[in-house]
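Structural characterization, general
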Amino acid sequence: MTAQIYLKSQRNGCFSFHLERSFSLWSMKKDPDLEAALHRNRRWIVNNQIKNIIMQCPNQVAPVKYLQKKFKNLDLQGKALNWIKKYPCCFEVYLENDEYYCGLTKRMMFLTQEEEDVKDMQEGLYADRLAKLLMMCRDNRLNVVKLNELRRNFGFPDDFLLRIVPKYSKIFRVVNHTGRRSSMEIELTEWNPDLAISAIERKAKKDGREPCFPCSLPQTWVKSLERFEDFNSTPYISPYLGLDGLVEGSKEMDKRTVGLVHELLSLMLWKKASIFKLGHFRREFFFPEKLNVFLLKHPGIFYVSNRYQIYTVLLREAYNGFELIEKDPLVVVKEKFGELMQEGLHEYNRRHYLLNLEKKRNRGMIMPKPEKRRNQRDETSEQDKEGGDLGGIFDPEERKRFYRVLFDDNAP
């Protein structure tokens, strides 16, 4: 909650104030594990975008000045050179003609090639994924510019319009009724009933039960669980069905919208998406005007986070703690990239620490540590072993003989 006080007027030396209160709509209780998953992916997303920029440059080498200009688009501040140097296992920086250039390391190039191989092998899967998207939207068409914003969420290659659409010309076609580039659309030309099965329906069929939404809330959330049970008691409505008979704002329409967002997230690699970008598809998918408020009403199914001021919705059931349960082959490759990135960051931090330590020693800021005194018990034991002044006084047999001599008059 925030409160703001405004000075309205001054009459007869007296001030009148206007108090305005506004309540945040982003009030979902934070989940540390899911927040950690979002935080872990943040650096990976940025470095993956830098990698894509470098791959598009001639000879896969980019001037650091050029990367600096792109930093604003990556929501980054500071110097690009400092950021890149933090990941020596991913990026190589060299100086030529008084200008810094950046390329990819051999290990990074190997992972990039592996990623391309996976994309080639999964072209059929991407075609099915694109078809399912078109089957859920109005008129079975999607704007290319809008779809391009979420292409990496679905795992589509950057050139999916040239790689996938022409190869599957019986299923897709590109239409442009106005002639403007921004109005270009992909249209579905063939309906496949085998693809019109949602993740919820597929799981229910496998378990031999009626389709319904799973709940991923702790038992202490009593009121939220009660609202979820009430919502889940009505029949499930597939997002692949038409809107005939559904009224905007009705429970049935809300049920379909929840199923639609659930299915969209299920098709994505990381089972998460920017709410702002999803809102761009309001007309195509009949989303409510305030999609963020709508999603907050279903905390048992979706997790909404405003980390980094980037409002994100995440599918709860897809995660176990901060780990994704089912990983697409492309995700496995991208996680290898994340491990390489972390290795480079650790190497950079270690090198930076040793360099600062050496500087402090040269300045005399760090005094050499005095040698620790030996423990007296250790000294005593060493003397016993070497036959020191104490002789065998601590030997058990020698102690028995000593006490017999002391207290027994007949002892020898």
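Let us look at the structure shown here. (Residues numbered from 1 in each chain as written. Predicted model: local features only at pLDDT ≥ 70, side-chain atom pairs only at ≥ 80, totals over all residues. Heavy atoms only, no water.)

Quick look at the overall build of the protein chain
The number of helices and strands found in the protein chain is 16 helices and 13 strands. Scored against the burial criterion, the 412 residues of the protein chain give a buried share of 38%. Taking as baseline every contact in the protein chain between residues at least 6 positions apart, the subset at least 24 positions apart corresponds to 61%. A total accessible area of about 26700 Å² is found for the protein chain, and carbon and sulfur atoms account for 51% of it. (Helix = DSSP H or I, 4+ residues; strand = E, 2+ residues; numbered from the N terminus. Buried < 20%, exposed > 50% of the residue type's maximum accessible area, 1.4 Å probe, protein only. Contact = heavy atoms within 4.5 Å. Areas by Shrake-Rupley, 256 points an atom, 1.4 Å probe, with all protein chains shown as cover.)

Regarding the sheet that holds strand β3 (residues 61–63)
The antiparallel open sheet is built from three strands, whose spatial order is β3-β5-β4. This sheet does not close on itself; its edge strands, each paired only once, are β3 and β4 (91–96). Mean inter-strand twist for the sheet, computed between neighbouring axes without regard to direction, equals 30 degrees. Pairing between β3 and strand β5 (residues 99–104): three bridges, direction antiparallel. Looking at β5, one finds that P63 is bridged to Y101. (Pairing = 2+ DSSP bridges. Axes fitted to C-alpha atoms, helices over the stretch in contact; angles between N-to-C directions.)

Some details on the packing of aromatic side chains
Tallying each qualifying case throughout the model produces nine aromatic pairs. Ring plane angle 40 degrees and centroid distance 5.9 Å describe the contact between F281 and F285, whose orientation is recorded as tilted. Members of the aromatic cluster, joined through ring pairs, are Y126, F154, F156 and F160. Sitting over the ring of F231, K255 keeps its end group 4.5 Å from the ring centre. (Phe/Tyr/Trp six-rings, centres within 6.5 Å; stacked < 30°, edge-to-face > 60°. Lys NZ or Arg CZ within 6 Å of the ring centre and 35° of its normal.)

Details of the sheet that holds strand β8 (residues 185–188)
Judged by pairing direction, the sheet is antiparallel, and its three strands sit side by side in the order β6-β8-β7 without closing on themselves. Each end of this open sheet is capped by a strand with a single partner; those strands are β6 (141–143) and β7 (172–175). For this sheet the average axis-to-axis angle between neighbouring strands, irrespective of direction, equals 25 degrees.

A word on the environment of F276
With respect to the secondary-structure elements, F276 resides in helix α11 (residues 275–278). Of the residues examined, F276 reaches a relative accessible area of 62% and is grouped as exposed. In sequence terms F276 and L291 are 15 residues apart; their C-alpha atoms lie 8.8 Å from each other.

Description of helix α4 (residues 106–121)
The first and last C-alpha atoms of α4 sit 23 Å apart over 16 residues, in line with the 22 Å expected at 1.5 Å per residue. All buried positions along α4 are accounted for by M108, L111, T112, E115, V118 and K119. One side of α4 holds all its buried residues, which, seen down the axis, span an arc of 120 degrees. When the buried face of α4 is taken as reference, the exposed residues oriented beyond 90 degrees from it are K106, F110 and M121. (Expected span 1.5 Å × (residues − 1). Arc of directions from axis to C-beta.)

Structural notes on the pairing of strand β10 (residues 302–305)
Along a regular strand, successive side chains alternate from one face of the sheet to the other. Of the two faces of β10, both are covered, the one formed by F302 and V304 as well as the one formed by Y303 and S305. Of the strand pairs in this sheet, β10 and strand β11 (residues 312–315) are connected by four bridges, and their pairing is antiparallel. Paired with S305 across the strands is T312, a residue of β11.

Some details on the pattern of salt bridges
If you walk through the whole model with that rule in mind, you get 23 salt bridges. A salt bridge links E115 to K334; the shortest N-O distance between them is 2.9 Å. Residue E115 is located in helix α4, and its partner K334 is located in helix α14 (residues 329–362); the two are separated by 219 residues in the primary sequence. As far as the burial class goes, E115 and K334 line up, both buried. Residues K327 and E323 are paired through a salt bridge, measuring 3.3 Å at the closest nitrogen-oxygen approach. (Salt bridge = Lys/Arg side-chain N within 4 Å of Asp/Glu carboxyl O.)

Considering the packing of α4 against α14
Remark: α4 packs on α14, axes separated minimally by 9 Å, with the N-to-C direction vectors making an angle of 170 degrees. Taken together, α4 and α14 sit at an angle that is classed as roughly antiparallel. Contacts from R107, M108, L111, E114, E115, V118 and K119 in α4 reach P329, L330, V333, K334, K336, F337, L340 and E343 in α14. (Parallel < 35°, antiparallel > 145°, perpendicular 65-115°, else oblique.)

Points about the nonpolar core
The biggest cluster of nonpolar side chains holds 94 residues, and the ones touching the most others in it are F91, L133, F172, L264, F285, L295 and F302. Ignoring sequence-local partners within four residues, the contact set of L295 consists of V261, I275, F302, V304 and V313. (Core = buried A, V, L, I, M, F, W, Y, C linked by side-chain atoms within 4.5 Å.)

Examining the pairing of β5
Summarising the sheet, β4 and β5 pair through six bridges and their orientation is antiparallel. Following the sheet pairing, V93 is matched in β5 by C102. Linking two consecutive strands that pair antiparallel, namely β4 and β5, is a turn of two residues; a positive phi of about 55 degrees is found at N97 within it.

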